[in-house]
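Residue-level structure breakdown
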Amino acid sequence: MTTPFHHEPGSFAGPVPPPGCPAHAMGAGPGGLRRYYGPEAENDPAGLYAKLRAEHGTVAPVLLHGDVPAWLVLGHSENLHMTRTPSQFSRDSRRWRALQDGSVGPDHPLAPIFTWQPVCAFADGDAHERLRGAVTDSMERIDTRGVRRHVNRFSNRLVNDFCRKGTAELVGQFAEHLPMMVMCAIFGMPEEYNDRMVQAARDMIRGTATAVESNAYVVAALTRLVERRRATPEDDFTGWLVSHPAGLTDVEVAEHLRLILIAAYESTANLIANVLRMVLTDPRFRARLSGGHMTVPEAVEQTLWDEPPFTAVFGRWAVGDTELGGQQIKAGDALLVGIAAANTDPAVRPDLTAGMEGNRAHLAFSGGPHECPGQDIGRAIADVGVDALLMRLPDLELAIPESELSWVGNIMSRHLVELPVKFAPAPQQEIDADPLAAPPRARTDWEISSSARTGNPAAPARGHARAVTPKTGPAAPAAPAVPAQRSGPARLWQSVTRWWSGQ
């Protein structure tokens, strides 16, 4: 089969539909190729994948913003081959013909995603090993138990903001904030956590008119952090990167922090929202949790199959002319790792309703040498965050019909706009001291937590919250009895808590 990109980038064979043509509304662009952006891609990605499979097979030509051509890899095995063969499919975006001929430039809406940076995600071979080695070595020094305590503490802080109201919007008030709070703490920049950082992190990968400005805001904050750590070393993730024997420059450290922050934030915020939506809307899902047939980590893993936080990753660039999925790929062509499409590939999941417990063959974290190195941290934030929320509010119910839920999509992800819920009002909780600010203690090479300056040595192991009466304002209502039909979930969250604590 010949490539549909035999033309020069920016030009297309065949007539271009006029602006008023229905083809535009259906997502068709120049040459009849389907757009991987716009209403169809955002509102019905599964339907778009089905059409592309029917028309082209496991590798399909699509158009990116500005009608720039690329390949979307739909097949599970084809995605694995692409991600595991950097000699054929490079992560170096400077190979892209559209960049070389000026078809896309620094003002393109996707520039924050594809612009080459001195980070492991854009490197191959020895350069990749040097840079990724610094990242993985630093991640291995993170105290995962301390992170879980941190997640629990921040989760309870967020729940305190709405628990007495009996209503909440869990995307904007919980899922979008928890990962940023945790990542800023891990990086050693809790003072940079604010609404602007949260919104900039989401905006910079959406392909919006403000994406470049949002990217600059994030980079500026991280650059200040690196400068502080270079001048005054600290025992945190940023300090470990700065002092790593690989000798990363300040620019390399800042860009890696940007990469990790955005990847961890976007993926985990989406994952938390998706898990909560499935718990609230799928009777089978909640029944299995309530009956103890599924743990929260298993629920998270099932969600990674059905609603992966990243739907696609852009990208890979062909090193030379090659073939993939029956398509002729030309040197310099751009390809997208089709995560959501691969997870629903009929070749690996002929029955999409079948449970996938114990099966981690999904591509939610990509694959090959560039597979996400921080996936276990993302899982921990989602596991403990969902657990903490449902422990506090076990009678959560969706406040609107499921049919009224809406999503916003972009080239990389698809996330809920809102998840409004209702519940019996509950009292606020006293939040324990910062679990990462504890006195120094003996530790192994694989478990190193942040150095302590302040803290409460008597704080409980998990940073549990305790009910208190607010010192000011109206008296909080008495803790409501858990309705009988919700007693199963309440017992489950308690058992999961004991499991996480090793009790």
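The preceding data block contains the structure.
The structure contained in this document is the topic of the report that follows. Note that the structure is predicted; figures quoted are calculated from it, not measured.

This next bit is on the packing of aromatic side chains. For the coordinates displayed, the defined rule picks out six aromatic pairs. Pairing W96 with W317 gives two aromatic rings, centres 6.2 Å apart and planes at 50°, and the pair type is tilted. Separated by 221 residues along the polypeptide, W96 in the loop between β4 (89-90) and α5 (97-100) and W317 in strand β6 (residues 313-318) bring together distant segments of the chain. Aromatic pair F187 and F237: ring centres 5.6 Å apart, planes at 15°, arrangement stacked.

Turning our eyes to something else, we now look at the nonpolar core. Ranked by size, the top nonpolar core spans 127 residues in total, and within it W96, L170, F187, F237 and F314 carry the most contacts. When residues of this core are assigned to their parent elements, the largest contribution, 17 residues, is made by helix α14 (residues 250-281). Once residues lying within four places of it in the same chain are set aside, the contact partners of F314 are L64, R91, W96, I113, F114, A334, L335, L336 and I411.

To continue, consider unusual backbone geometry. Cis geometry marks the peptide bond from F314 to G315; its omega dihedral reads 5°. Relative to the elements of secondary structure, G315 occurs in strand β6. One non-glycine residue, D67, adopts positive backbone phi at about 60°. Summarising the element assignment, D67 is placed in the loop between β2 (59-64) and β3 (68-73). Note on D67: relative accessible area 14%, which makes it buried.

Okay, the state of the cysteines next. As enumerated under the stated definition, the model contains zero disulfides in all. Among the cysteines around C372, which has no disulfide bond, C120 carries the closest sulfur, lying 10.0 Å off.

Moving on: helix α16 (residues 296-306). With nine of eleven residues buried, α16 is to be regarded as a mostly interior element. Of all the residues in α16, the buried ones are V296, P297, A299, V300, E301, Q302, T303, L304 and W305.

A few words on the pairing of strand β9 (residues 334-337). Alternating residues of β9 divide into A334 and L336 and L335 and V337, and every residue in both groups is buried. Relative to β9, β3 runs parallel, the two being bridged by three bridges. Directly across from W71, in β9, lies its bridge partner L335. Here four bridges tie β6 to β9, and the two strands are oriented antiparallel to one another. Residue F314 lies in a different strand from β9, and its bridge partner there is L336.

The next subject is the sheet that holds β2. Spatially, six strands are ordered β1-β2-β3-β9-β6-β4 in an open sheet, and the strand pairing comes out mixed. A strand with exactly one partner marks an edge of an open sheet, and here the two such strands are β1 (34-35) and β4.

On to the side chain of D345. With respect to the element layout, D345 can be found in the loop between α17 (339-343) and α18 (375-392). The side chain of D345 sits in the buried core without any salt bridge; R53 is the nearest counter-charge, 4.5 Å away. The residues contacting D345, other than those within four sequence positions of it, are R53, L74, G75 and H76.

Now for the layout of surface pockets. Of the pockets and cavities examined, the largest pocket occupies roughly 700 Å³. Taken together, 29 residues form the lining of the largest pocket, with D306, E307, T344, R349 and L352 sitting closest to its centre. Those elements that place two or more of their residues in the lining of the largest pocket are α3 (45-56), α14, α15 (283-290) and α16. Sort the elements by how many residues they give to the lining of the largest pocket and α3 lands first, with five residues. Split by residue class, the lining of the largest pocket holds 13 nonpolar, seven polar and nine charged.

Conventions and cut-offs
Residues numbered from 1 in each chain as written. Predicted model: local features only at pLDDT ≥ 70, side-chain atom pairs only at ≥ 80, totals over all residues. Heavy atoms only, no water. Phe/Tyr/Trp six-rings, centres within 6.5 Å; stacked < 30°, edge-to-face > 60°. Helix = DSSP H or I, 4+ residues; strand = E, 2+ residues; numbered from the N terminus. Core = buried A, V, L, I, M, F, W, Y, C linked by side-chain atoms within 4.5 Å. Buried < 20%, exposed > 50% of the residue type's maximum accessible area, 1.4 Å probe, protein only. Contact = heavy atoms within 4.5 Å. Disulfide = S-S within 2.5 Å. Pairing = 2+ DSSP bridges. Lys, Arg positive; Asp, Glu negative; His and termini not counted. Salt bridge = Lys/Arg side-chain N within 4 Å of Asp/Glu carboxyl O. 1 Å grid on protein atoms, 1.4 Å probe; cavity = no way out; pocket = protein on both sides within 12 Å on 5 of 7 lines; lining within 4 Å. Points joined across faces, edges and corners; volume = space filled by probe spheres on them. Nonpolar A, V, L, I, M, F, W, Y, C, P; charged D, E, K, R; others polar.

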